[in-house]
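Here are the chains, one letter per residue:
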2 protein chains.
Amino acid sequence: MVTAIKQMEQEFLDYVKKMGAYKEALGLIYWDLRTGAPKKGMEQRSEVIGLLSSEVFKMSTSEEMAAYIANLTSVEHDLELSEITKKTVAECKKEYDRNKKIPAEEYKEFVILQSKSEAVWEEAKDASDFSMFQPYLEKIVEMTKKFITYWGYTENKYNTLLDMYEPGITVNILDQVFCELQEKIVPLVQRIKESEKKPNTQFLYHHFPKEKQRELSLEILKNLGYDFDSGRLDETVHPFATGLNPGDVRVTTKYDENDFRTAIFGTVHEAGHALYEQNISSALIGTPLCTGTSMGIHESQSLFYENFIGRNLSFWKGNFDLLKEYAPAQFQDVTIEQFYRAINESKPSLIRIEADELTYALHIMIRYEIEKGIFNDEIEVKDLPKVWNEKYEQYLGITPHNDANGVLQDVHWSDGSFGYFPSYALGYIYAAQLKHAMLSDIPHYEQLLEVGNLLPIKEWLTKNIHQYGKMKLPLELIKDITGEGLNASYLIDYLYDKYERIYEMKK
Amino acid sequence: MVTAIKQMEQEFLDYVKKMGAYKEALGLIYWDLRTGAPKKGMEQRSEVIGLLSSEVFKMSTSEEMAAYIANLTSVEHDLELSEITKKTVAECKKEYDRNKKIPAEEYKEFVILQSKSEAVWEEAKDASDFSMFQPYLEKIVEMTKKFITYWGYTENKYNTLLDMYEPGITVNILDQVFCELQEKIVPLVQRIKESEKKPNTQFLYHHFPKEKQRELSLEILKNLGYDFDSGRLDETVHPFATGLNPGDVRVTTKYDENDFRTAIFGTVHEAGHALYEQNISSALIGTPLCTGTSMGIHESQSLFYENFIGRNLSFWKGNFDLLKEYAPAQFQDVTIEQFYRAINESKPSLIRIEADELTYALHIMIRYEIEKGIFNDEIEVKDLPKVWNEKYEQYLGITPHNDANGVLQDVHWSDGSFGYFPSYALGYIYAAQLKHAMLSDIPHYEQLLEVGNLLPIKEWLTKNIHQYGKMKLPLELIKDITGEGLNASYLIDYLYDKYERIYEMKK
């Protein structure tokens, strides 16, 4: 008996490895498409993507896969299988169920709709006209609702969508933490708006040559502990990080010669994602567990680096001279305090991806409430521009002047990625919880930043998070590290401390 | 009946397209490995390569493939199938036979031996010690001889190996043209050696900044008709061109800041390969016919561009000012005639890849004679260093001072690529035949080069060669264009004309 099940375990792992190989090839193709693949080769490359993807899909829903899942999840073998195998089977089962429950014809229709809808969204955004996009979005929503009936749900239909990006997170949990965040952040934003101690930000917009920004980005990546033997830095329109395997995790950034912050903070943010993927245990290579456990935990890593390191005063005390080396004229008359206040300026804005650390979560809550409303039949697609604008007024005190700056700004809904947005806010909350826990183990955190010794921080994150890949669920990780569940109070405390100081408010 | 066979035709083409998709993904992976893939990701990337390659291998030797071949080659369907389908089936059959005739166990052993042997070759070359490599080469030769018995042969065992790279070319043909070439080239090389009119080449070695060389390379590629919407230029240790599909054909080059010729002539050479792949008929995309028809014809295109364009006086008359823009100081006191003579300097050398246009073929003949001797049991592996050095003395009048500069210089034998070398010399011969034929259609060839209008040349090559991909065999192409078979006299005439002029010899 042992031999048979052990043999099946090995066959299953080989099977999964093959799927992983196809995914790795696809990952490289996507990276290449964004970093300079010749445009006339695209049509044929799309065929390659289609064939490889459908091979992965077929393997994930095959009868072979069904047999592996049935045999390897049977209770009698529980003790004979490795922990990695069991979690891998669970991951495969989740994907199998998700894919198998939708009739093949409907799935195909949805995939075609996705790509059409994304194209229409782009046109609608350019024309700033929601009505162009509306019928497609209605169809996408309608089909997603139908999928939810196939998949089933617990307590709230929207939970099924949340679970795809952040397993374990539910509407109940989010309602509570988002409410708490809103209650605390909205007044703070208001006080800042009224503050007369606004930072001077003029010097941020001086001309900073691209080549110099690139050299500085490379230097900073190295200082953060990014391993260039396991990665490379390229330039793209939209910065991203992609982990092909832990030994090949690439980052990209974008250079704005009139605002160096785009590249620097973009690079630091992607470095956070990349460090996660570079430091996953090599034991997980070739399994679907060899990646970040969720969108939210991934975002917690990028935001940890971007905010708790990149926008931290101590970090810049240690790096201000380096910055001046690359742009001496720009910063010669700027003090470190002025610099720190300028890069942390906060004000309500219309565009999510340009939002600052304080107001960002409000943008997410708006989207969360809208998505929740849609899937609980409380909001209709046709009313979205109106609902959107009302919520922006309510949360941020500003109203979009057109659809492009409002309801059409994000790509997510055009391909049906409902349930994704909350991960961004969760990333902030997790990051603040982690930072708090880290301080118990690394009380001299600020000194490390000031002397530029970031190794202990990376090691702490590797030990507590990175190494596990998908072996632990998001809330399992947070519980093991902090002893508690999702808790927004650490983020709130951090934001109050930081912004009351920057805007010189009385506590 | 028609319906059934037409349906099978479509299924076969889909099957072949899938194999093509895997090969395209592999092509991108190889390109990426050489252009900056992080080294720590290599181990896992090798797994991906292994899995994708073995999938292609499996598909090429499957029972399904056998059935397609059997059904689609039966005489009764000859008129119902398209020409493309029939040639595709023939190509698949060739591969099927080649792979199926070797017992799986032996094939596997050979693949492992290849990679070991290549690693040992590298060490042996570094140590300049043939004896380290000898046992591996003996095993490679022994297994290849066994494979020839599986594959069968006509007239000469070496023909089977030649046929893998240059279908239709045999020992009989090569003996004749190589003999002719040797008889004519060796005395010319000798006369040049004795000539007192040696070109001054000192100015070639001035410092030419890499960034400037890159800009010049881009400019020249554009002038040659290389389509940047279907390609890109990168930097690698060993320059190459790779056609992923006709809309994505990438070239690389290498920059030597103390010898600009490496980059410029390397780029022009690779452009010749790339123009071939960029201009294959789109009707062949997704079939194995969508690539150059043979190594020799491919090389004829790169050598046509490198020598008949890149080392041509008229071309530089049209481009000398451009060159001076990028390196004004280096060429300010150089006349176009001096420049032309310098870039065409000829002298016997030990290293094939550094050889000039005139002596290159001699390096190839030495390798050809050795390979032919090995597979006809006339030369033993253990005697190779001795045989090699004797032949270098005989053909080029120089003797390697060690194995690294002699018998160990090329990678080809380490992975068993016997039969490949002759393609390089065939490329020269074909190119001269094509040039001769082209002059009938484009009598103002030299003027076109001088004014920089290379379009008619590219179009002629596309019309006569590029578009066909693998639809025509090498000698079929040559026959259709020139009306004759392989003929070395055009190359000989060209070399005499050119070098007697450069070295100011009496005819």
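Rules behind the numbers
- Residues numbered from 1 in each chain as written.
- Chains lettered and ligands numbered in written order.
- Predicted model: local features only at pLDDT ≥ 70, side-chain atom pairs only at ≥ 80, totals over all residues.
- Heavy atoms only, no water.
- Helix = DSSP H or I, 4+ residues; strand = E, 2+ residues; numbered from the N terminus.
- Rg over C-alpha atoms; globule rule 2.2 N^0.38 Å.
- Buried < 20%, exposed > 50% of the residue type's maximum accessible area, 1.4 Å probe, protein only.
- Contact = heavy atoms within 4.5 Å.
- Areas by Shrake-Rupley, 256 points an atom, 1.4 Å probe, with all protein chains shown as cover.
- Salt bridge = Lys/Arg side-chain N within 4 Å of Asp/Glu carboxyl O.
- Buried area = accessible area lost by both parts, 1.4 Å probe.
- Polar contact = N/O pair within 3.5 Å; in protein donor to acceptor, adjacent residues only side chain to side chain.
- Nonpolar A, V, L, I, M, F, W, Y, C, P; charged D, E, K, R; others polar.
- Domains from an automatic or database assignment.
- Patch = residues over 30% accessible without salt bridge, like charges linked within 9 Å, V, L, I, M, F, W, Y side chains within 5 Å.
- Lys, Arg positive; Asp, Glu negative; His and termini not counted.
- Charge placed at Lys NZ, Arg CZ, Asp CG, Glu CD.
- Axes fitted to C-alpha atoms, helices over the stretch in contact; angles between N-to-C directions.
- Left-handed = near helix turned anticlockwise from the far one by under 90°.
- Parallel < 35°, antiparallel > 145°, perpendicular 65-115°, else oblique.

A. The overall build of chain A, seen in detail. Across its full length, chain A carries 21 helices and three strands. Taking 23 Å as the expected radius of gyration for a compact globule of 507 residues, we find that chain A reaches 23 Å, a close match to that expectation. With the principal axes as the frame, chain A shows a C-alpha extent of 75 × 50 × 50 Å. When burial is assessed residue by residue, chain A has 56% of its 507 residues classed as buried. Long-range pairs, those at least 24 residues apart, make up 74% of the contacts in chain A between residues at least 6 apart in sequence. Just so you have it, chain A exposes about 21,500 Å², and 50% of that area is on carbon and sulfur atoms.

B. Fine view of unusual backbone geometry. With a phi angle near 65°, Glu-155 of chain A is a residue other than glycine that sits in the positive phi range. Note on placement: Glu-155 of chain A falls in the loop between helix 6 (130-151) and helix 7 (157-165). Notably, Ser-128 of chain B is not glycine yet its phi reads approximately 50°, a positive angle. In this structure, Ser-128 of chain B sits in the loop between helix 5 (104-127) and helix 6 (130-151). The class of Ser-128 of chain B is partly exposed, set by a relative accessible area of 22%.

C. View of the pattern of salt bridges. Taken as a whole and judged by the stated rule, the model has 76 salt bridges over all chains. Beyond isolated ion pairs, a larger network of salt bridges with shared partners links Glu-24, Asp-248 and Arg-250 of chain A together with Asp-32 and Arg-45 of chain B.

D. Fine view of the interface of chain B and chain A. Counting from both sides, the interface comprises 35 residues of chain B and, opposite them, 35 residues of chain A. Carbon and sulfur atoms make up 55% of the surface buried where chain B meets chain A, a total of about 3,100 Å² over both sides. Across the chain B-chain A interface, the total number found is 14 salt bridges. Taken together, the connections running from chain B to chain A amount to 26 residue pairs in polar contact (both at pLDDT 80 or more). Secondary structure elements with two or more residues in the side of chain B that touches chain A: helix 1 (2-34), helix 2 (42-60), strand 2 (241-245) and strand 3 (248-253) of chain B. Ranked by residue count, the leading element in the side of chain B that touches chain A is helix 1 of chain B, at ten residues. Of the residues assigned to the side of chain B that touches chain A, the class counts are 13 nonpolar, eight polar and 14 charged.

E. Up close: the environment of Gln-330 of chain B. Residue and element names in this part refer to chain B. As for its placement among the helices and strands, Gln-330 is situated in helix 13 (residues 328-331). Overall, the relative accessible area of 6% leaves Gln-330 in the buried class. C-alpha of Gln-330 to C-alpha of Met-19: the two residues are 311 residues apart in sequence and 50 Å apart in space. A polar atom in the side chain of Gln-330 sits 3.4 Å from the backbone oxygen of Leu-204.

F. Representation of the domain arrangement of chain A within the structure. Residues and elements named next belong to chain A. With domains assigned, chain A is organised as domain 1 (2-151) and domain 2 (202-347 + 431-487). Between the C-alpha centres of domain 1 and domain 2 there is a distance of 29 Å. On the side of domain 2, 19 residues touch domain 1, which itself brings 14 residues to the contact. Here domain 1 meets domain 2 over a buried area of about 1,500 Å², counting both sides, of which 69% is carbon and sulfur. Across the pair Glu-91 and Lys-470 runs a salt bridge, and its minimum N-O distance is 3.0 Å. Along the contact surface separating domain 1 from domain 2 lie three residue pairs in polar contact (both at pLDDT 80 or more). At the level of elements, helix 1 (2-34) and helix 4 (83-100) are the ones that each hand at least two residues to the side of domain 1 that touches domain 2. The biggest single contributor to the side of domain 1 that touches domain 2 is helix 1, with seven residues. The residue makeup of the side of domain 1 that touches domain 2, split by class, is five nonpolar, three polar and six charged.

G. Summary view of a negative patch on the surface. Residues and elements named next belong to chain A. Residues Glu-118, Glu-122, Glu-123 and Asp-126 make up a contiguous surface patch of negative charge. You can see Glu-123 is positioned in helix 5 (residues 104-127). Looking at Glu-123, the relative accessible area reads 48%, which means it is partly exposed.

H. Structural context of the packing of helix 15 (residues 360-375) of chain A against helix 16 (residues 384-396) of chain A. Residue and element names in this part refer to chain A. The interhelical angle for the contact between helix 15 and helix 16, taken along N-to-C directions, is 140°, at an axis separation of 10 Å. Our pair here, helix 15 against helix 16, has a crossing hand that is right-handed. Note on element contacts: helix 16 touches helix 15 through Leu-384, Val-387, Trp-388, Lys-391, Tyr-392, Tyr-395 and Leu-396, opposite Leu-362, His-363, Met-365, Ile-366, Arg-367, Glu-369, Ile-370 and Ile-374. Per-class residue counts for the contact of helix 15 with helix 16 are eleven nonpolar, one polar and three charged.

I. Highlighting the packing of helix 11 (residues 295-309) of chain A against helix 19 (residues 455-464) of chain A. All names here are of chain A. It is the contact of helix 11 with helix 19, at a shortest axis distance of 13 Å, that shows an interaxial angle of 155°. Comparing their axes, helix 19 and helix 11 come out roughly antiparallel. As for the relative orientation of helix 11 and helix 19, their crossing is right-handed in sense. On helix 19, the residues that touch Gln-301, Phe-304, Tyr-305 and Ile-309 of helix 11 are Ile-457, Lys-458 and Leu-461. The class makeup of the residues in the contact of helix 11 with helix 19 is five nonpolar, one polar and one charged.

J. Just the environment of Met-8 of chain A, in detail. All names here are of chain A. Relative to the elements of secondary structure, Met-8 occurs in helix 1. Residues Met-8 and Leu-72 lie 64 residues apart in sequence; the distance between their C-alpha atoms is 8.2 Å. Setting aside anything within four residues of it in sequence, one finds Met-8 in contact with Tyr-68, Asn-71 and Leu-72.

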